[in-house]
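Now for the letters of each chain:
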Amino acid sequence: FKITAMMPGDLITKIASNIGQNIQLDELSEIFGNFMESGKKFRFSWLTDDEHEQLETCLHNIKLFGEKAKSTGITLLVDAEYTYMNPGISAVALGMMLAFNKESPVVWNTYQCYLKAALDTISSELNIVESRGRCFGAKIVRGAYLEKERKLAKENGYPDPVNDTYEDTCAMYDRVAEHMMQHIAKVGPRCNIVLGTHNEQSVLTAAARMLDLGIDPAERNIVFGQIYGMADQISVPLSAAGFKVYKSVPYGPLGEVLPYLSRRAAENRVVLAGARRELDLLKAELRSRMKV
């Protein structure tokens, strides 16, 4: 679920730039949640009249998706974008959680572990939601905008928000996953996560920790996700072992889907290595069946 498809990017960016300056994330999330739940009006000195009108229209439309998802049992996984937009996206996503996640996690937010602040971000947002008696959902990924983030940081003279190495990103991913799994072991179905990764070691680590923590894979509080056609050598045995695995199916015009897939490959360097391993496994299986 893309907030940027529901709200102009410049408006999201302006909201993001005011978080921490003129308003705190928890306060803004609560304001957005109250508007989506009860229609309670709000007014910000840092938005123009036209921007207020635009924001209310967008939040109303987003509210319709939240209501429909809740009534039909669909989960909305909010996409993350660039760091200069993410606080604004989080304000809307957390507002949706406050409005619609009363009994179960209907709306989830995405956390990009190539960012140095990933663990701090998910910890603080988890606290915002659960301190208000709502359920929390998260999609945990490595992240796909590494080069652009570094370029923006260099051009604008602020610290690079991206982990220094791929290994640092893997370590952050595992730390975030561990933090959330320990939390789920305590609160159960009131917190759900999807571990989106094509990294075999991250999957093995998470699967083992689930069992260590006594988390039943059949409960679906923790599920795994890979892209259709990628990492089947992980997805198939994982599913056969009783873990819940979802395959994402990208669709759309070729010119838009190919860049998306290339970003996923850049995000998960192990994809190509995994593809080579999968090819070796397929060859071995063919030789076995043909008795070669």
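Structure: see above.
If you're wondering where the values come from, they're calculated on a predicted model, not measured in any experiment. (Residues numbered from 1 in each chain as written. Predicted model: local features only at pLDDT ≥ 70, side-chain atom pairs only at ≥ 80, totals over all residues. Heavy atoms only, no water.)

## What about the pairing of strand β4 (residues 191-196)?
Among the 6 residues that make up β4, 6 are buried, leaving the element largely enclosed by the rest of the structure. On β4, burial covers both faces: Cys-191, Ile-193 and Leu-195 on one face and Asn-192, Val-194 and Gly-196 on the other are all buried. For strand β3 (residues 136-141) and β4, the ladder comprises 5 bridges, and the chain directions are parallel. Across the sheet, residue Ile-140 finds its bridge partner in β4, namely Leu-195. Sheet topology note: the β4/strand β5 (residues 222-227) ladder contains 4 bridges and is parallel. (Buried < 20%, exposed > 50% of the residue type's maximum accessible area, 1.4 Å probe, protein only. Helix = DSSP H or I, 4+ residues; strand = E, 2+ residues; numbered from the N terminus. Pairing = 2+ DSSP bridges.)

## Some remarks on the pairing of strand β6 (residues 245-248)
Pairing of β5 with β6 involves 4 bridges; the strand directions are parallel. Of the residues in β6, the one forming a bridge with Phe-224 is Val-245. Remark: the β5/helix α9 (residues 232-240)/β6 crossover connection has right-handed handedness. (Right-handed = clockwise from strand over helix to strand, strands pointing away.)

## Some remarks on the pattern of salt bridges
Pairs can form between side chains of opposite charge whenever their charged atoms are close. This structure, assessed with the given rule, holds 15 salt bridges. With a closest N to O distance of 2.3 Å, Lys-102 and Glu-37 form a salt bridge. Taken together, the residues span a long stretch of sequence, with Lys-102 in the loop between α4 (86-100) and β2 (107-112) and Glu-37 in helix α2 (residues 25-38) at a distance of 65 residues. A salt bridge links Lys-70 to Glu-103; its shortest N-O distance comes to 3.5 Å. Placement of the pair is Lys-70 in helix α3 (residues 49-72) and Glu-103 in the loop between α4 and β2, with a sequence separation of 33 residues. (Salt bridge = Lys/Arg side-chain N within 4 Å of Asp/Glu carboxyl O.)

## Points about the packing of aromatic side chains
Using the criterion set out here, one finds 9 aromatic pairs in the structure. Consider the rings of Tyr-82 and Tyr-84, whose centres lie 5.7 Å apart with planes at 5°: the pair is stacked. Its relative accessible area of 18% is what places Tyr-82 among the buried residues. Chaining the aromatic ring pairs together yields one cluster made of Phe-32, Phe-35, Phe-42, Phe-44 and Trp-46. Between Arg-142 and the ring centre of Tyr-173, over which it is positioned, the NZ or CZ distance is 4.5 Å. (Phe/Tyr/Trp six-rings, centres within 6.5 Å; stacked < 30°, edge-to-face > 60°. Lys NZ or Arg CZ within 6 Å of the ring centre and 35° of its normal.)

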